[in-house]
Structures are given as C-alpha cells and as structure tokens.
Amino acid sequence: MAARPLRLGVNIDHVATVRNARGGRHPDPVRAAIKAERAGADGITAHLREDRRHITDRDIERLLAEIGLPLNLEMAATDEMLGIALRHRPHAACIVPERREERTTEGGLDAAGARRHLEPFVGRLVDAGIRVSLFVEPDAVQLEAAKALGAPVVELHTGRYCEMAEEATGGEGELARLAQAARHGAALGLEVHAGHGLGYATVKPVAALPEIAELNIGHFLVGEAIFVGLEASVRRMRALMDEARPLGSAEAAK
Ligand code: PXP
C-alpha cells in the first residue's frame, strides 16, 4: 500500500515523574510539550493514571489550554477517566489497560475478552467526537475485536519487539508480527499507530512499516533529554523516522 505520512506523538509523562519526585513545579510537562512541538512533534500524549503518579488533572487542563498540538489522552476504561475525557474533550483518547502495581503499561488491552466492558466507553468517546484508539498486542483477534467495538484506531504494542531487539533475541519475529498486524489493521479499515519502548535503536524498522500513521514515544526521549536536551532528542527521533519513511514518500507512492 501507499505509505502514510508518519506522525510523532511525544509522551511527556516522565517529565512529570521527575517533577513529582520532589513536588513543586519543575520540570514542567507543559514546557516540555512546547519544546517537543518546536522540535517536530505532531502531537502530545499524556497518561492520566488512577494514582496520578506522573500526569495530574491540572497538567491535563494546562496542556489543553496552553499547547497548540492535539492532545492524546491515554486512559483506563473507568468511569472516572471517561468523565474526565468527556469534560475536556481532547483530540484523541487511547484506552490502555492499567494495573495499580505495574511500573508501566505492561501488555495490550484484551479488546476481545473485555468487549462488553469496553463497548460503552468506546461508544461514548466516539459520540463525543474524540478519536478513540485501543492499545493492543499485534494480534489479529485483538484487531478484529477493536474493529467490532467501533474504535477507528488501534495502537500496536511495540514493547515486546523493543525488548527482544535490544537483547538481540528474536526481534525479527516480533517485527514480523507487527508488520502483519499493521497490514491486517489497515485491511480492516483501522488507522494503525504503534508505541511503547521505542528508542533510536528500534524505531526505524517500525517507522518503515507503511501502514503505520503515528508513533507514540516517551520514556526514551525524556531519558535522552537528560544528556542532550528534549528538543535535540525529539529532533533526532524525528530524523530517524524520516530516514525510515522519507518525507514525501506518501505522495511518491500514490
Ligand atoms: N503508547 C502507549 C499506549 C503507552 O501506554 C505508552 C507508555 O505510556 C507509550 C506509547 C509510550 O511508551 P514509552 O514511554 O515506552 O515510549
């Protein structure tokens, strides 16, 4: 298929993690979002967790009021988060599984097994004009369940691929799963995104998959920012994505 333009969503959760380690206001995730925009981000992603361990309700309010980029709110399928999303109406909402004891989002959503629970969340967010994505493993059953639920977008979990590629233990097999899932998702009419665990060493093979429209990347960019600054880390990531999917390739491939 013709390659789609590839957007970069920068996840700023861990700017808030550092701020919260001491309390107070520094470093400010809104300032990070503005820097990310300057460096070529197409969107900002933030996960408001039940325990508010990084992003807070006030951060979401400020991001919506103070940044120019579309906000992608990552949220668990709970009544509390649905109420917040409907009140703020971000551009997009990505429904993720959330367990209190996990360090980060550990696996994809079981869209197939939790269909009855998820249906009203997807329906109400879609009705409110919010672009809904479901964060799922690269698995045909999950993609078909996302489609049946009426979600227009899926985000493929790249965590396993990144772990295996970094350990040099079979990243190719995981990449093939991602490629197949991206094709299957696109054939179902879903917009396909990907993210989790991506860094400079792992981004290009995923960015090269022509069906993928957006990557969401956070932890690596914020970590690298300690050494080079956030604008530089975002610019480098953007450059690697563009090397894998040259700008203008969408037009050229039509
Ligand atoms: N996409 C989703 C759905 C996520 O939950 C996360 C982590 O919050 C990311 C992307 C970004 O992952 P990372 O911080 O590892 O780049």
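With that settled, the discussion passes to the site of the ligand. Lining the immediate environment of the ligand, one finds 14 residues, of which Glu74, Glu155, Gly197, Gly218 and His219 sit closest. At a separation of 2.5 Å, a nitrogen atom of the ligand approaches a polar side-chain atom of glutamate 155. Histidine 219 is positioned such that a nitrogen or oxygen atom in its backbone is 2.8 Å from an oxygen atom of the ligand. Burial of the ligand by the surrounding chains reaches 95%, relative to a free accessible area of 390 Å². Tallied by class, the residues present in the shell around the ligand amount to three nonpolar, eight polar and three charged.

What follows covers the side chain of glutamate 74. Tracing the chain through its elements places glutamate 74 in strand E3 (residues 71–75). Notably, glutamate 74 is buried but unbridged: the nearest opposite-charge side chain belongs to arginine 49, and the N-O separation is 7.3 Å. Here the side chain of glutamate 74 touches histidine 47 through a polar contact of 3.5 Å, side chain to side chain. Not counting residues within four places of it along the chain, the set of residues in contact with glutamate 74 comprises Asn11, Thr45, Ala46, His47, Leu48, Cys94 and Val96.

Note on placement: leucine 64 falls in helix H3 (residues 57–66). Ignoring anything within four residues of it in the chain, the contact list for leucine 64 reads Leu71, His88 and Pro90.

This brings us to the pattern of salt bridges. Inspection of every chain in the model, using the stated rule, returns 18 salt bridges. Linking glutamate 231 and arginine 38 is a salt bridge whose minimum nitrogen-to-oxygen distance equals 3.6 Å. Of this pair, glutamate 231 sits in helix H11 (residues 230–244) while arginine 38 sits in helix H2 (residues 29–38), and the two are 193 residues apart along the sequence. Looking at glutamate 231, the relative accessible area reads 19%, which means it is buried. The shortest N-O distance in the salt bridge between arginine 53 and aspartate 51 comes to 3.0 Å.

Scanning the entire structure with this criterion turns up one aromatic pair. Geometrically, the ring pair formed by tyrosine 200 and phenylalanine 220 is edge-to-face, given 4.6 Å between the ring centres and 70 degrees between the ring planes. Placement of tyrosine 200 in the loop between strand E7 (191–195) and helix H9 (203–207) and of phenylalanine 220 in helix H10 (residues 219–228) is noted, with a sequence separation of 20 residues between them. Given the relative accessible area of 21%, tyrosine 200 is considered partly exposed.

Conventions and cut-offs
- Residues numbered from 1 in each chain as written.
- Predicted model: local features only at pLDDT ≥ 70, side-chain atom pairs only at ≥ 80, totals over all residues.
- Heavy atoms only, no water.
- Near = heavy atom within 4 Å.
- Polar contact = N/O pair within 3.5 Å; in protein donor to acceptor, adjacent residues only side chain to side chain.
- Areas by Shrake-Rupley, 256 points an atom, 1.4 Å probe, with all protein chains shown as cover.
- Nonpolar A, V, L, I, M, F, W, Y, C, P; charged D, E, K, R; others polar.
- Helix = DSSP H or I, 4+ residues; strand = E, 2+ residues; numbered from the N terminus.
- Buried < 20%, exposed > 50% of the residue type's maximum accessible area, 1.4 Å probe, protein only.
- Lys, Arg positive; Asp, Glu negative; His and termini not counted.
- Salt bridge = Lys/Arg side-chain N within 4 Å of Asp/Glu carboxyl O.
- Contact = heavy atoms within 4.5 Å.
- Phe/Tyr/Trp six-rings, centres within 6.5 Å; stacked < 30°, edge-to-face > 60°.

The values reported here are purely geometric and, on their own, carry no functional implication.
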